[in-house]
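Inside the fold
Now for the letters of each chain:
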Amino acid sequence: MTITPPSLLSLSINSAILHLSSFSDLSPLPDHILIDLFLRTLKAGKLNEKILKLFVASGDEKLLSLIRELNINPVISPVLPTRNIKDNDVDIVIGALQSDLTSFMNAWKPMFSRYHLIIVKDPELKEDLKIPDGFDAQIFTKADMDKAVGPSLTSQLFSGYSCRYYGYLVSNKKYVISIDDDCIPAKDDKGFQVDAVAQHLFNLAAPATPLFFNTLYDPFCKGADFVRGYPFSMREGVPCALSCGLWLNLADLDAPTQALKPEQRNTRYVDAVLTVPNKALMPLSGINIGFNRELLGPALFPGLKLTKEGKVRWETMEDVFSGMCAKVVCDHLKLGVKTGLPYVWREERGDAVQSLKKDWEGMKLMEDAIPFFESIKLPAEAVNAKECMLELAKLVKERFGAEKNSVLTQAADGMIEWVKLWKKVVVPASN
Amino acid sequence: MAGPSVPATFLLKDELDIVIPTIRNLDFLEMWRPFFQPYHLIIVQDGDPSKTINVPEGFDYELYNRNDINRILGPKASCISFKDSACRCFGYMVSKKKYIYTIDDDCFVAKDPSGKDINALQQHITNLLCPSTPLFFNTLYDPYRDGADFVRGYPFSMREGAKTAVSHGLWLNVPDYDAPTQLVKPLERNTRFVDAVMTIPKGTLFPMCGMNLAFDRELIGPAMYFGLMGDGQPIGRYDDMWAGWCVKVICDHLGLGVKTGLPYIYHSKASNPFVNLKKEYKGIFWQEECIPFFQNATLPKDCTTVQNCYIELSKQVKEKLGKVDEYFVKLADAMVTWIEAWDELNGTPAAAANGSA
């Protein structure tokens, strides 16, 4: 049976779908091509409000009547105004801990497809990655990492959940969004799908308010504002460097807690974004985050590896530790950290009781680390994330260096390697 | 009286007083009846004492007008504001109960997203009876709530939490905006129901609104002085703010927790923004000085009671804020008078003997 190869026109249309976000005007296209493009866009799951507007703006009568016939309406759950964040400014970094990413990526297609993706395969994962079509994705594997940084650093810094940090390193975009590969889009309290990417970008684009607590939470979202008693001099806020999202279904609880309450699932949708106040520490969960890579990049780092670290979140602390560093750096640099929306739906994976059976050193770690973090004072001369991290590494080494083979001392070493890498591998932004 | 929204048990029925300042009437109580009736009310009548305020039938209450306040406190009555809802703190002083809930007379029962009436008092009580977590922020908010818990990474040594001294509730419909914001957004209404209670971290100040507020009088009562506002004073609408800043500094010092979030009430009246602007005007500038003052205020280790802390704070107010305006000197003195009156009425003379200003 002979299979007719696709025509040049067909190939062009498919290519156009991948780059829709770079078109500003579709009106020169003839009817039939426009309609074909539209239908294939629909089929590829890439129709969103912005793209719909683009098609509607072409003014083509046939297309408009098709849209009416199909009863396509702009989604009510708002695609949030992203305040000047261009699609080109964003990278979505996915750490692949499972080889078959088909259902994960298809679930996120409406939200991911307009952005560039960086997929980093866990260097310890043996099987080949399976990734569906329709994405503008770059894939990095152990081979790439070994070539760039050497196999020993690859295994020290980028194994397991920490593989994503390689993606942070090689990205050259201003904003990075990262979601665990066992999460799918959640539905909000009105039943609409949550565009986690858009929400993170909104959080990052609007100022944060760490210096004084606003009781109506985020004053920059629609329908809210600063309350009576909020000092006017603090209402400009500070740039938001980090946006921490939450999880429905399987919340990010530790192993003992989940083992104690095996049936507990998070069903509460809290419709708020708030800034974590200055000096307040919190546990960062790497499951669902967005950050301003230009401002904060080096401060989110791999390197805290538990001795029995595993491939489920219950067996890691890399993000929690990194998050405390990031918060201290943000407080020092007068940047903001937000928490709350967006939610993702976290699927069942792993067994809390099994994780608990491992000697869970993560618990003790926090008890030692917290008083240390509470007491940190970074010098005024540290004026960016890199310098802060070097200072922080020094302080960690000073405080925990005496303890042999301490996870924390290794983390300090990891910090220094990370900053070195950051300087070496990262192409500085032209500004 | 009986209806589907009547709770089966009234928690802390004999341990909580509801303090309501009013200058108009108490019609709003009708809507609250199913939730409030078993509790004792303390009504503080502001304005003209010769006016009679009607209390709806069936409520157990005591009512104080200006004449009563003057009679009970004598010369110390000067610390209680007149023609301002700040006078409500007199109710805190005369109460004999462990807990106080205070609510404004234009606040009604709100509905949650499912359409059910919200028992604000019950939620406040739950907030006060459960621990707070001021030392480390929990990203899933109140970990003691049904369906929530501490997240991964939350230090185990901090999971017992601290005692909760204050429960700060929020408002649907008319939000608590200042006059400039009200002028710019006269029609904005708060329709967002945020289903969370959270602890305000140690070291963080917040704007405490007195419209829907509950606290543990035994833990923090003497710090809930609502300042000198209204008639004869250069400022208004900063009574609860002032109390909130003092309360938070003292709670942080004594290791007590302050919660904010649920419950919501329905705030029905939007006050006149021009009138508000006149009242708040000086406050808008003064708060720029006050906030850094409170953010940097430290209390000595030997201040171990609320009264000691408060007297110490008043000294610092006089010294540092006295330079901003003469008003703060008067306020600092009133703070001392308040503590003296509190101790007199509540029989705790030893605590006040920590040197006077």
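Residues numbered from 1 in each chain as written. Chains lettered and ligands numbered in written order. Predicted model: local features only at pLDDT ≥ 70, side-chain atom pairs only at ≥ 80, totals over all residues. Heavy atoms only, no water.

1. Quick word on the overall build of chain B
Which entries qualify depends on this criterion: Where helices and strands are cited, they refer to DSSP runs of H or I of at least four residues and of E of at least two residues respectively, numbered from the N terminus. Three labels apply to residues, based on accessible area from a 1.4 Å probe with only protein chains included: buried if under 20% of the type maximum, exposed if over 50%, partly exposed otherwise in between. Here, two residues are considered to be in contact whenever any of their heavy atoms come within 4.5 Å of each other. Method for areas: the Shrake-Rupley scheme with a 1.4 Å probe, in which residue coverage is limited to the protein chains shown. Just so you know, the count uses Lys and Arg for positive and Asp and Glu for negative, and it drops His and the chain ends. To locate a charge, take atom NZ for lysine, CZ for arginine, CG for aspartate or CD for glutamate.
The number of helices and strands found in chain B is eleven helices and nine strands. With the C-alpha coordinates aligned to their principal axes, the bounding extent of chain B is approximately 55 × 55 × 45 Å. Counting across all 357 residues of chain B, residues that qualify as buried make up 62%. The long-range fraction of contacts in chain B, counting pairs at least 24 apart against all pairs at least 6 apart in sequence, stands at 74%. Element-wise, carbon and sulfur atoms account for 53% of the exposed surface of chain B, whose accessible area totals about 13,500 Å². Looking at chain B, you have 36 positive and 43 negative side-chain charges, and the mean spots of the two groups are 2 Å apart.

2. Quick word on the UniProt feature "site: Required for activity" (unreviewed entry) in chain B
Note the threshold: UniProt positions are given in the numbering used here, feature names are shortened, and annotations may be inferred rather than shown by experiment.
UniProt's feature table lists "site: Required for activity" (unreviewed entry) at R152 and R159 of chain B, given in the numbering used throughout. In contact with R152 of chain B, not counting residues within four places along its chain, are D252, L253, D254, P283, S285, G286, R313, T316, M317, D319 and V320 of chain A. Mapped onto the elements of the fold, R159 of chain B is located in the loop between helix 4 (120-129) and strand 6 (164-173). With near-sequence residues (within four places) excluded, R159 of chain B lies in contact with D254 and T257 of chain A together with Y144, F150, V151 and Y154 of chain B.

3. Some remarks on the pairing of strand 2 (residues 40-45) of chain B
All names here are of chain B. Filter applied, for reference: At least two bridges found by DSSP between two strands is the condition for calling them paired. We call a crossover right-handed when, viewed with both strands directed away from the observer, the connection leading from the first strand over the helix to the second proceeds clockwise.
In terms of burial, strand 2 is a largely internal element, six of the six residues being buried. Side chains H40, I42 and V44 of strand 2 all project onto a buried face; the interleaved residues L41, I43 and Q45 project onto the opposite face, where all are buried too. Where strand 1 (residues 16-22) and strand 2 come together, six bridges link them in parallel fashion. Among the inter-strand pairings, D17 is bridged to a residue of strand 2, identified as H40. Between the parallel elements strand 1 and strand 2, the chain passes through helix 1 (residues 29-36) in a crossover that is right-handed. Direction of pairing for strand 2 relative to strand 3 (residues 60-64): parallel, over a ladder of five bridges. The residue bridging I43 from the neighbouring strand is L63, located in strand 3.

4. Description of the nonpolar core
The condition that has to hold: Only buried residues count toward a nonpolar core. Its members are Ala, Val, Leu, Ile, Met, Phe, Trp, Tyr and Cys residues joined through side-chain atoms within 4.5 Å.
If you look at the biggest cluster of nonpolar residues, it comprises 245 residues, and the most contacted ones within it are F112 of chain A together with W242 of chain B. Tallying contributions element by element places helix 10 (residues 326-346) of chain B first for this core, with eleven residues. With sequence-adjacent residues up to four places away left out, W242 of chain B is seen in contact with Y225, C290, F294, Y310, V317, L321, F328, L331 and M335 of chain B. I33, L34, I51 and I72 of chain A belong to the second-largest nonpolar core, a separate cluster that totals 19 residues.

5. Overview of the environment of G147 of chain B
Position of G147 of chain B relative to the elements: it lies in the loop between helix 4 and strand 6. In sequence terms G147 of chain B and P186 of chain B are 39 residues apart; their C-alpha atoms lie 38 Å from each other. Dropping the residues within four chain positions of it, G147 of chain B is found in contact with Q264, R265 and N266 of chain A.

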